[in-house]
Amino acid sequence: GKGGTDRYFLPLMLAGNAVTGYSVYEPFNSTAFFEYFMDSFWTGLKFETLSGGGSFVEFKNTSGSGRRDLGIIRQFAGELSNTIIFLDEAEAVKMYRRLPAGINPDLEVYTRLNEFKGSPVPPFLGYVAYTGSGGQEYVLSLVESFVKNKGDAWQYFLGKIKEYSAAPDGVEKYAGGLGETIAR
């Protein structure tokens, strides 16, 4: 970024042995990785990083929900700059690639929206953060309840634009209704 240092999060797994050789790969379809990840989340694991100097990773289960079997693990197949994993259609785990400094907007929005009863967003379960030796926190991952739906908001909105564009005041009427819904 603009004269600063960019940070990236890329979890990796090592497989193999000294005889056959080793492979390094992204663990997003690995049951073993997500069992460890979610066990760490549910128990609130905190550990110092190998770089030392007081930097650490902390799994922050803000919901108090407990361990369960993971079931089917699948990765979201859409075009995203981050990675989203669904755990048996019970939790969604969003893993960030690029870690900007400062407040994570997704974390801030989920936290605030979940403060309201009847909020139309999935229940927020917690997050995983890296805190550097200087005390700056970087959100690595968000964990939320999974809510079954009929697709993502962008595709829904594009479909509605096509549908309403045939009517003389259709798009304006729909956009106004969308604004009112979001403002609630």
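The structure under discussion appears in the preceding block.
Small disclaimer: the values here were computed from a predicted structure and weren't measured.

A few points about the overall build of the protein chain
Across its full length, the protein chain holds four helices and nine strands. The secondary structure elements of the protein chain, listed N-terminal to C-terminal, are β-β-α-β-β-β-β-β-α-β-β-α-α. Relative to its full complement of 184 residues, the protein chain shows a buried share of 32%. Taking all contacts inside the protein chain whose residues are at least 6 apart in sequence as the whole, residues at least 24 apart take part in 48%.

Quick notes on the sheet that holds strand β3 (residues 46-48)
Here we have seven strands laid out as an open sheet, ordered β3-β4-β8-β9-β7-β6-β5, and antiparallel in their pairing. In this open sheet, the two edge strands, each paired with only one partner strand, are β3 and β5 (73-75). Ignoring strand direction, the axes of neighbouring strands in this sheet form an average angle of 15°. Summarising the sheet, strand β8 (residues 124-131) and strand β9 (residues 137-145) pair through seven bridges and their orientation is antiparallel. Each bridged residue has a counterpart across the sheet, and for V128 the counterpart in β9 is S141. Relative to the sheet, helix α1 (residues 31-43) contacts β4 (56-61), β5, β6 (83-87), β7 (91-95), β8 and β9, its axis offset from that of β7 by approximately 100°. Helix α2 (residues 105-113) rests against β7, β8 and β9 of the sheet, and its axis sits at about 45° to β9.

Regarding the side chain of E91
Structurally, E91 can be placed in strand β7. Look at E91 and you get buried, because its relative accessible area is 7%.

So, the pairing of β7
One face of the sheet, then the other: side chains in a regular strand alternate in exactly this way. Most of β7 is tucked away: four of the five residues are buried. Here β6 runs beside β7; their pairing, made up of five bridges, is antiparallel. In the sheet register, I84 faces β7, and the bridge partner there is K94. Taken together, β6 and the strand that follows it, β7, pair antiparallel across an intervening segment of three residues, in which D88 is found at a positive phi of about 55°. In terms of strand pairing, β7 meets β9 through five bridges, oriented antiparallel. Directly across from E91, in β9, lies its bridge partner S145.

Quick word on the pattern of salt bridges
As enumerated under the stated definition, the model contains four salt bridges in all. In this structure, K94 and D106 form a salt bridge, with 2.7 Å as the shortest nitrogen-oxygen distance. Linking K94 in strand β7 with D106 in helix α2, this pair joins segments that are 12 residues apart in sequence. Overall, K94 belongs to the partly exposed group, its relative accessible area being 23%. A salt bridge links E115 to R112, with the nearest nitrogen and oxygen atoms 3.6 Å apart.

What counts, and where the lines are drawn
Residues numbered from 1 in each chain as written. Predicted model: local features only at pLDDT ≥ 70, side-chain atom pairs only at ≥ 80, totals over all residues. Heavy atoms only, no water. Helix = DSSP H or I, 4+ residues; strand = E, 2+ residues; numbered from the N terminus. Buried < 20%, exposed > 50% of the residue type's maximum accessible area, 1.4 Å probe, protein only. Contact = heavy atoms within 4.5 Å. Pairing = 2+ DSSP bridges. Axes fitted to C-alpha atoms, helices over the stretch in contact; angles between N-to-C directions. Salt bridge = Lys/Arg side-chain N within 4 Å of Asp/Glu carboxyl O.

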